[in-house]
Every structure is written in structure tokens, then in C-alpha cells.
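Overview (structure and organization)
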Amino acid sequence: MKLSLWTYEGPPHVGAMRVATAMKGLHYVLHAPQGDTYADLLFTMIERRDHRPPVSYTTFQARDLGADTATLFKTTAQDAVARFAPQAIIVGASCTAELIQDDPGGLAATLGLNIPVIPLDLPSYQRKEGFGTDETFLQIVRHLAKPCALSEAMTANLIGPTALGFRHRDDISEVTRLLSDMGIGVNVVAPMGATPSDITRMGAAHFNVLMYPEHAESAARWMQQNLGQPYTKCVPIGVGATRDFLAEVAGITGLPVRADTSRLRLPWWTRSVDSTYLTGKRVFVFGDGTHVAAAVRIAREEMGFTVAGIGCYNREMARPIRVLAQSLGLEAVISDDYLDVEEAIAALQPELILGTQMERHIGKRLGIPCAVISAPVHVQDFPARYAPQMGWEGANVIFDTWVHPLVMGLEDHLLHMFRDDFEFHDAAGASHHGGQHSERAPEPETLVQAMPNADDSNIIWLAPAEKELKKIPFFVRGKARRNTEAYASERGIAAISVETLYEAKAHYARG
Amino acid sequence: MKDLPEIGCSNTPVLKQRGQREVFCGLTGIIWLHRKMQDAFFLVVGSRTCAHLLQSAAGVMIFAQPRFGTAILEEKDLAGLADSQTEIDREVARLLARRPDIKQLFLVGSCPSEVIKLDLAKAAQRLSAQFAPHVRVLNYSGSGIETTFTQGEDACLAAMVPVLPATQDAGLILVGALPDVVEDQALALLAEMGIENVTCLPARRAGEMPAIGPNTRFALVQPFLGDTLDALQKRGARHIPAPFPFGAEGTTLWLRAVADVYGVSDEVFARVTAAPRARAEKAIAAATETLGGKSVFFFPDSQLEIPLARFLTRECGMTAIEVGTPYLHRDLMAQELALLAQGPVLSEGQDVDLQLDRARAARADLTVCGLGLANPLEAEGLATKWAIELVFTPVHFYEQAGDLAGLFARPLRRRALLAPLAPVVEAAE
């Protein structure tokens, strides 16, 4: 047993639901007790979907357990096929049904349905949602995709976008545009928007664009082996990654790179002088492996941040994220326990968190701004406007999104100039965030004579130094305090004076 | 107050269908129970699905250290490689060490723990002995195979009854979790009538739990507490049957039933209730401008449906087309059914696809349903009210009667406001 308070990922059958709900003409018959239908609201509420997810639950109760749950499953499958007339069904069990071992796949096979029946084996007590999406899409492709003649024009399949994905809807448009600029058409987008019959003609594409390895890497591998389709390894999030992606596509297709960057603003926005204040900002990056890797590259190469810590919640991506962390001289936080992540963030005290909704709440508690870069998603992550992460427009969106939680450059400067003005007191915060400052953690109590230090060592703050510390703008004060204490502790200084404070400041100066 | 109909829906046949039930399981009750009992922790022994349900039902990930969690069963627990009882002991010890503020711990059974017949009663007994007197450990099942949504609260309260202290003193217990502000209003009304020694189950803190005995009376403030009713009666306490305190009329009838038992005079009753009752009626009247003459269709959700249909039809001028309830407790609903005028279909349980067919055919002015159905029905042009808000929002007693009516009126008012957009609205993909 493992105690969990909040989870990053749901059970694997929710992953299967994300695939089924993204598709059209596919139905999921799920052997599950009543109550498991809660998962419908994830799609109808968070994503504002206007249709129920295409899922029929058997919703067995205790009294059915002694009777015949197998017949209940068969009836449910038959009714679902009759009512919804799908082109194919996927069948499986949720955690409780897995225990009663009714074998939905075997049962469905006996029904003589005249449509493909795709059984799913999703071990609920070992794996999680990400595995569920990847495995479900693999099984759908394995059962339905067949070798077929390549399309005359150069085409690609876009694979990986699912329901409840982070900006998948808009990433599809952006990647379609990138390919179109190079004269490449889209054969099938899947799972999102695809029907089972679309899946059967996936083999007509010349290659696959693997948009989200979390959800489609197994299918990409299978298609490479069985349909002879290469797939792209570079995920086009960020300017550099998008350029690399186009180069990779050029390598696969033999076409020259052609890109319309007239809409791309990030490079100038990040070079313009207001952005100078972004230099060296310490960021902590956490989310699913793919988005984390992309964000790390953008943070370092395109925003000029310093990456202070990274990690991911999906163990499937642990290896590449660990390697990436090592290359930065960091140790990756690989955990699906948000308390571990909170501890890491609290210890590192970054100036910005790039994380999930979970880290957004951690940031609120710790008074650290946060921009969301990855699932798990929240209703906020489905904006009405066009807001991709991929491609040129994605880079523009990312610049805006990451800068938004911070105090703007010019404003930062004004805060310094007017820091004694009553309106620029500690709690004033960024002018474009009404009330956000109230979420900041309260400053620790101070003593008249000497302030206790942040950790447990014996260093004290002399009153004049403490007064001087208060003059430092609040949003860098915590760091100044820690740096000064670390500096004092390294040098065996027991009492921090104004002198020590400025010596430490000089020592840690970024230049 | 309108004249009471003689039998209303008392003898109306109930439509029972068996199919997919689009309802929450009893674990969902933890969301409001943990807010109510401020020194309690709810430890679900279940699967990742249970944990995911709880955080999805909680809507957002809001609490720093929530007072609920899930001990997630893993492969080795199922394969018998790990002794589940030892595992529970370890997780509980770790939890209580981290949370010394916890005085009551509920081990909550789930679908998987019930199916593998994990004995949580045994665990609760052992842990209670180990952590007494500081922490009391109880168990109940919130599993979907046994409980629907609000039945989780029923199971929780029923589990608390056997360990309530015994007393011979006369007293009144209000049974059912209410928001503190509403509970305080109810207590104040009863105190003004001179009714003494009134306590609540659940109490806000472990040390304040009511004592019970043969001279205890109790009144239910929630309609879904059938098992708790039985458990209280087993302890010798006597039930005060009444309609439920929704709306001005429901609140008055509920208070009257209690007042009658305590011999409160008509004069005192009128003096205490006149002002808040007038306020409630005034507030309801405002919403009735929107609701009057409109029809309503209830999908089953919380067992609040019959009392709410009674409120909407008798006080807000609505017509009920169908009133669905996950479970119909005949005894508890006797007075409510008598008050509900004949006309609506009464349904118990659910085949959601068939019920959706009926809802689409009826095209009620307002359809009350779960979150999984609301947006899809809106996209089909039906106005909906999320049922879950009726459970999470303060809606009981006089001062909330207007808010309760307002919850139903708001979707209709919003629809009217947005009417100019209607021809061009297309639900987004």
C-alpha cells in the first residue's frame, strides 16, 4: 500500500477513456462498479465537452457479485453497440472489475458482433493513466491499421493528441501548418478526431509525427516495424526544437526546410530590453517528461533562465529526465508524490516554477510564481483562444505565459526606485495581478535584537543588518537572506552585520 | 402555507430500471465530511481510481494537506505477498505521526477492498486500541458497489453511533452534516423556542460528539440517513419524523414537528419563526418570478430529489415531470411524498440511456443532473442545474431558502441573458 493525497495521474482506464473520447465512432465498454462514472465529468467539465464520453459502464453492484457479472457485461456491450452503432469497440475492466476476473475481451468475442472488438489489458494496480493512453492507442492501431499504398503526395500522420491533453487541440493546428509550409499534407490525426476507419488508412502516410511520446510512442514503434513508417523524435516545442523538428522532417522526406517565421515573435521579445530582467532567473521545471525536456531547453536557450531543478511524475520518462538533469549538474526529482515535489521546491526557492496545476498550488503556498506547462489539466488549461505550445505560435504563447506571473522589467525597475513609497510596500506585488500578493507566505517574525536564521545553525542577524535586509525588495529578500546566511555559515561568521550582507551580495553577484 | 394534499404521491407507482447508473459512489461524501469534522482524517483503502475520484470530485487541488487520502492497493497486496493488515498499520502509524492534530480516523472501504474482503473493522478495532485515548479509529464502506453518493455520509454516521457515549439525560440530536453557519442558525431557532440540550451528529470535533440513550430524541436534517436512523433507534433514541428543512414550508414543518414533541406553544413558535419565515418567503418570491410555471426533471443523484421537488412545486410554482432518486426510503419519505402533488413520474435507480431518452422527450425547462450530463444536455438545448452544488452549498433552513431557489433560477436567468447569442452558439469541440 502507498498513501496518496493528490495524484498526478489517474488509473490506466482513464487513459483509455482519453483515447476513446478523443476519437469518433469508437465506443468503450468498461466493466466497472457504479461510481467509476465520475470520470465522465473530467471530460464534460474540465474540457467543456458537449458530448458524453463514448463509454458504457456496467456499473455492477454488490448484489451482482454473487450473481452473474459476466452476463451484465455482455448485455452492456450488446446494448452499447445497438444504441451507439460504433465502427469498433474497445473493451476492458477498471480496477474492481480486474479483481473479479470476468475477462471482458473473451466475453465480447463470444457476442458475434460484426465490428472489430479490441480487448485492453490495463493492469490497474501496477500502471497509471499515461500507460493507459499509450497502450490503448497501440492496441487500436495494431488491430485496425493495415499496410496500404502510400499517398501520392507527401503526407504524415500526427499521432498522440488525446482528450484532456495539455493544449493538444491547438498543437494539431500548429503542426499541420508547419508541415504545410514544407508542402507536406496530413493523412490522419489520431487519436484526436480519428474514426476507426481512419486508423485503417494510417499506413498511407510517409511518416509519423510523434507529437506526444507519452501517448503514442508504442504505436509509433509498431508502425515503424509493421508499416515501415519512420517517426519524428523531436517534439517541436520552442524555437530551437521547432527548427530541429523541421530539419528532422527534411531528413525523413528529402524535402528542403521551408518555414514561415513571419508570425514568430519570441526571439525579439526575449532580446528586447524589458526582458533583461529575466536573465538568470532561477526556475524549477516539473511535469510530464516531454514537456519538461522542452521547457528546460526553452528556459535556458530562449529565455536566459537558470534551471535550478527539474523532474517528472511519469516514471516512463525517468531515464531521459535523469540524463538531462545530469547534463545540467542537477539531480532529477522523479516522483508522483506532490509532497516530494513541494519539498524540492521549498529547498531550492526558485524565482519561477514551470509545472502542472499541482505545482501552481505549491507555488501559491510558498509565494513563488508559477506558469503551467503540462498536464494534469484544469479547466483553466482549456482557453477559448488559440493557445498552442508547439511551433512558432506556441513559442509566442510560451513567452507570454511564462513572463505573465513575473513582475515586468520596467515595473521591477520602478519597484527599486520607489521601494520606500507606501504604495510599493512589500505586499503591493505585480500590478497586473489583483490580490495575488496575499498568497505570499508571511515573513517570519523578527526579533528586536537578533533575528533567528532560516536554518538551524547558530548564526544571528544584528539589528542594523536586519533593517537593511528589509530595504531589499521583498521578491528577492528571501534569496538575499539565504545567500547571506550561507555565506556567513561557510565563513564561520556568527553574527550578520550590514557588512556581511553586502559582502555576500558581492559574492553571489551574477555579473 | 398551502393545504396539505391527502396522499400526494404516496401511492404513485415507482419506475425502476436497471442499467448504467451515472452516479458518484459513497466516497464522495468525504469531501464535505472532512470539512465538517475538523479533527478527523478519512483514509480510503482502495485503488488509484478512488484517489482520482476524490480529487476530481473536490474539483480542484486546493488543500495544502488535505484531511483525506487513499492507501492505494498494489499488486503485492493483491497477490498476498504483503499482509494487508500490517500494511494498514504502517500507513496509519506514519499518518498519525505526521498529523498529531487528528483525533478521529476513518478507515473507508472501497470497491476493491470490499471485493478482496479486506477486514477494515478488525483493523479499526486494533488501531483504536493502539492509539487510544488520543485517536479513535472507525471504519465504514463508501464503496460504489454498496453506496451511492450521499449514502457514504449515512454509512459514516451509522458507524459513529455505536461508540457515542451513553446517557439517561433528555436531549435532542440533529442528525446530518450541515455547514456550521446553517447548523448555528438551526440551533439558535431551537434555543429561542426553549428547547435545551441540543447537540449535533456529526459534531465539529471528536470531543463534542453527542451522548445518546432512551431519553434522546433525534431529528434528521438530511433525507439520506436510513442506516443512521436504524443505528440511533438501536441505541434507544426516538425519531421525530418530519419533512426536511428545505424552503420556508419545509423548515416550518420540520421545526413544528420538533416543537410539538417539546410542547412549544403556538405563540412561542410563531414568535420565533415569523420573522425568518417571512424573510425566506420574500427571498423565494424573488426567484419564483423566474421559476414560476416552469417544468423540472430530476436525474437521480443525492436522495434530495423528492424534498427538492416538493419545494420547487409547492413554493416556487414549478411543475415536476420526473423525480429520480438513487434510492427511495419509503419511511423517511412518507411525509414528503404526501406533500408532493400527483403528476410526476417517480423513478428509483437508473438506466441512464433510457432516462436520457425521457429527458430529451420531456424537454423540461430545467433538468437537474450530474456533472457528466450537464454540458452534453446544454449542448442539446436543455437548461441544466448541476445536482452536486445542491449538496455542497448551504441550502437548509430559512435563511438559505432564497439561495436554494436561486440555485435553480440562475441557469434560467443566465439563459435568458444570453439569448441574443443563441443562434450562433456552437458547442466547441
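Residues numbered from 1 in each chain as written. Chains lettered and ligands numbered in written order. Predicted model: local features only at pLDDT ≥ 70, side-chain atom pairs only at ≥ 80, totals over all residues.

**Quick notes on the overall build of chain A**
What counts here: Secondary structure elements are defined from DSSP: runs of H or I of at least 4 residues count as helices, runs of E of at least 2 residues count as strands, and each element is numbered from the N terminus. Buried residues are those with 20 or more other C-beta atoms within 10 Å of their own C-beta, exposed residues have 12 or fewer, and partly exposed residues lie in between; C-beta atoms are placed from the backbone.
The secondary structure content of chain A amounts to 21 helices and 16 strands. A buried classification covers 50% of the 511 residues belonging to chain A.

**Quick word on the overall build of chain B**
Here is the rule: Contact between residues is assigned whenever the C-beta positions, reconstructed from backbone atoms, fall within 7 Å.
Looking only at helices and strands, chain B has 17 helices and 14 strands in total. For chain B, the spread of C-alpha atoms along the three principal axes comes to 60 × 60 × 40 Å. Taking contacts inside chain B between residues at least 6 apart in sequence as the whole, the part at least 24 apart equals 75%.

**Thoughts on helix α9 (residues 226–234) of chain B**
One full turn of an α-helix is made of 3.6 residues, so residues set three or four places apart face in the same direction. Residues and elements named next belong to chain B. Applicable threshold: Throughout, the arc means that of the directions going from the helix axis to the C-beta atoms.
Along α9, the residues that are buried comprise Thr 228, Leu 229, Ala 231 and Leu 232. Relative to the axis of α9, the buried residues are bounded by an arc of 165° and lie together on one face. On its buried face, α9 sits against α7 (151–160), β6 (171–175), β8 (216–220), β9 (238–239) and α13 (330–339).

**As for the interface of chain A and chain B**
Our working definition: Ten residues, namely Ala, Val, Leu, Ile, Met, Phe, Trp, Tyr, Cys and Pro, are considered nonpolar, four, namely Asp, Glu, Lys and Arg, are considered charged, and the remaining ones, Gly among them, are considered polar.
If you look at the interface, chain A gives 48 residues, while chain B gives 51 residues. Of all the secondary-structure elements, those providing two or more residues to the side of chain A that touches chain B are β1 (2–4), α2 (39–46), β3 (55–57), α3 (62–66), α5 (95–100) and α16 (357–366) of chain A. The leading source of residues in the side of chain A that touches chain B is α2 of chain A, at five residues. Classifying every residue of the side of chain A that touches chain B by side-chain character gives 20 nonpolar, 18 polar and ten charged.

**Considering the pairing of strand β3 (residues 68–72) of chain B**
Within β3 of chain B, five of the five residues are buried, which leaves the element mostly enclosed by the surrounding structure. By the alternation rule, side chains of β3 of chain B split into Phe 68, Thr 70 and Ile 72 of chain B and Gly 69 and Ala 71 of chain B, which are all buried.

**Structural notes on the packing of helix α1 (residues 12–22) of chain A against helix α7 (residues 129–144) of chain A**
Between two packed helices, the angle of one axis relative to the other and the distance separating the axes together describe the packing. Residue and element names in this part refer to chain A. Note the following rule: Between the N-to-C directions of two axes lies an angle of 0 to 180 degrees, each axis being a line fitted to C-alpha atoms and, for a helix, fitted only over the stretch in contact. Between 65 and 115 degrees an angle is taken as roughly perpendicular, under 35 as roughly parallel, over 145 as roughly antiparallel, and anywhere else as oblique. By convention the crossing between two helices is left-handed if the near helix lies anticlockwise of the far one by an angle smaller than a right angle, and right-handed if it lies clockwise.
Contact pair α1 / α7: the axes reach a minimum separation of 6 Å and the direction vectors enclose 50°. Comparing their axes, α7 and α1 come out oblique. As α1 runs across α7, the sense of the crossing is right-handed. Only Glu 129, Gly 130, Phe 131, Gly 132, Thr 133, Thr 136 and Phe 137 of α7 make contact with α1, whose side of the interface consists of Pro 12, His 13, Val 14, Gly 15, Ala 16, Arg 18 and Val 19.

**Regarding the pairing of strand β6 (residues 155–159) of chain A**
All names here are of chain A. The test is simple: Think of it this way: DSSP has to see at least two bridges between two strands before they count as a pair. Handedness rule for crossovers: strands pointing away from the viewer, path from the first strand over the helix to the second running clockwise, crossover right-handed.
Here β6 lies mainly inside the structure; four of its five residues are buried. One ladder, built from four bridges, connects β6 with strand β7 (residues 185–190); its direction is parallel. The residue bridging Ala 156 from the neighbouring strand is Val 186, located in β7. On the question of chirality, the crossover connecting β6 to the parallel β7 by way of helix α8 (residues 168–181) is right-handed. Of the pairings in the sheet, the one linking β6 to strand β8 (residues 207–210) comprises four bridges and is parallel in character. Bridge assignment links Ala 156 to a residue of β8, and that residue is Phe 207.

**Thoughts on the environment of Val 235 of chain A**
All names here are of chain A. Note on placement: Val 235 falls in the loop between α10 (213–227) and α11 (239–253). The class for Val 235 is buried, based on 24 C-beta atoms found within 10 Å. Sequence separation between Val 235 and Gly 130 is 105 residues; the distance between their C-alpha atoms is 17 Å. With residues near it in sequence (within four places) discarded, Val 235 still touches Met 211, Ala 241, Thr 290 and Ala 294.

**A few points about unusual backbone geometry**
The phi torsion of most residues other than glycine is negative, and most of the peptide bonds are trans. That bond from Ala 375 of chain A to Pro 376 of chain A is cis: its omega, 5°, falls within 30 degrees of zero. In this structure, Pro 376 of chain A sits in the loop between β13 (370–372) and α17 (391–403). Here the bond from Ala 132 of chain B into Pro 133 of chain B is cis, since omega is 0°, no more than 30 degrees from zero. You can see Pro 133 of chain B is positioned in the loop between α6 (120–131) and β5 (136–141). Residue Thr 59 of chain A is not a glycine yet carries a positive backbone phi of 40°.

**Let's talk about the sheet that holds strand β4 (residues 88–93) of chain A**
All names here are of chain A. In spatial order, the strands read β3-β2-β4-β5; together these four strands make up an open sheet with parallel pairing. Edge positions in the sheet fall to β3 and β5 (117–119), since each has one partner strand and no second. The sheet shows a mean angle of 20° between the axes of neighbouring strands, taken without regard to direction. The sheet strands contacting α1 are β2 (26–31), β3 and β4, and the helix crosses β2 at an angle near 160°.

**Focus: the packing of helix α19 (residues 463–471) of chain A against helix α21 (residues 498–507) of chain A**
Residue and element names in this part refer to chain A. Two numbers describe how α19 lies on α21: the axes approach to 7 Å, and their chain directions differ by 45°. The orientation of α19 relative to α21 falls into the category oblique. Each of Pro 464, Ala 465, Glu 468 and Leu 469 in α19 lies in contact with α21, whose residues at this interface are Val 498, Thr 500 and Leu 501. Its residues placed into classes, the contact of α19 with α21 shows five nonpolar, one polar and one charged.

**A look at the sheet that holds β1 of chain A**
Backbone hydrogen bonds hold the strands of a sheet together, and the pairing may be parallel or antiparallel. Judged by pairing direction, the sheet is mixed, and its five strands sit side by side in the order β1(A)-β3(B)-β2(B)-β4(B)-β5(B) without closing on themselves. Looking at the sheet topology across the chains shown, the edges are occupied by β1 of chain A together with β5 of chain B. Pairs of neighbouring strands in the sheet enclose a mean axial angle of 25°, with direction left out of account. Across the face of the sheet, helix α2 (residues 48–57) of chain B comes into contact with β1 of chain A together with β2 (40–46) and β3 of chain B while running at roughly 165° to β3 of chain B. Helix α4 (residues 84–98) of chain B contacts β1 of chain A together with β2, β3 and β4 (104–109) of chain B of the sheet and is inclined by roughly 150° relative to β2 of chain B.

**A short note on α2 of chain B**
α2 of chain B sits mainly inside the fold: ten of its ten residues count as buried. For α2 of chain B, the complete set of buried residues consists of Arg 48, Thr 49, Cys 50, Ala 51, His 52, Leu 53, Leu 54, Gln 55, Ser 56 and Ala 57 of chain B.

**Overview of the domain arrangement of chain A**
Definition in use: Annotation comment: domain bounds sourced from an automatic or database domain assignment.
Considered domain by domain, chain A is made up of domain 1 (12–127), domain 2 (145–253), domain 3 (266–403), domain 4 (409–439) and domain 5 (450–507). Each of domain 1 of chain A and domain 5 of chain A was reduced to a C-alpha centroid, and the two centroids are 60 Å apart.

**Observations regarding the nonpolar core**
Under the convention used in this document: Structurally, a nonpolar core is described as a collection of buried Ala, Val, Leu, Ile, Met, Phe, Trp, Tyr and Cys residues joined by way of C-beta atoms within 7 Å.
Val 285 of chain A together with Leu 43 and Val 175 of chain B are the most contacted members of the largest nonpolar core, which has 272 residues in total. Apart from the residues lying within four places of it in its own chain, the contact partners of Leu 43 of chain B are Gly 69, Ala 71, Val 92, Leu 95, Leu 105, Phe 106, Leu 107 and Val 108 of chain B. The next biggest cluster of nonpolar side chains, apart from the first, holds eight residues, and it includes Trp 461, Ala 465, Tyr 487 and Ile 496 of chain A.

**Considering the confidence of the model for chain B**
Keep this limit in mind: Scored between 0 and 100, pLDDT is the confidence that the predictor attaches to each residue.
For chain B, per-residue confidence averages 93 on the pLDDT scale, and residues scoring 70 or more make up 95% of the total. The ipTM assigned to the predicted complex is 0.93, against a pTM of 0.90.

**Structural notes on the confidence of the model for chain A**
Across chain A, the average pLDDT comes to 90, with 89% of residues at 70 or higher. Below pLDDT 50 for its whole length, residues 435–452 of chain A participates in 21 contacts with residues either more than four positions away or in separate chains.

**Looking at the environment of Ile 140 of chain A**
Residue and element names in this part refer to chain A. Along the chain, Ile 140 turns up in helix α7. Along the chain, Ile 140 and Asp 400 lie 260 residues apart, while their C-alpha atoms are 38 Å from each other. Setting aside its immediate chain neighbours within four residues, Ile 140 contacts Ile 90, Ile 118 and Ile 199.

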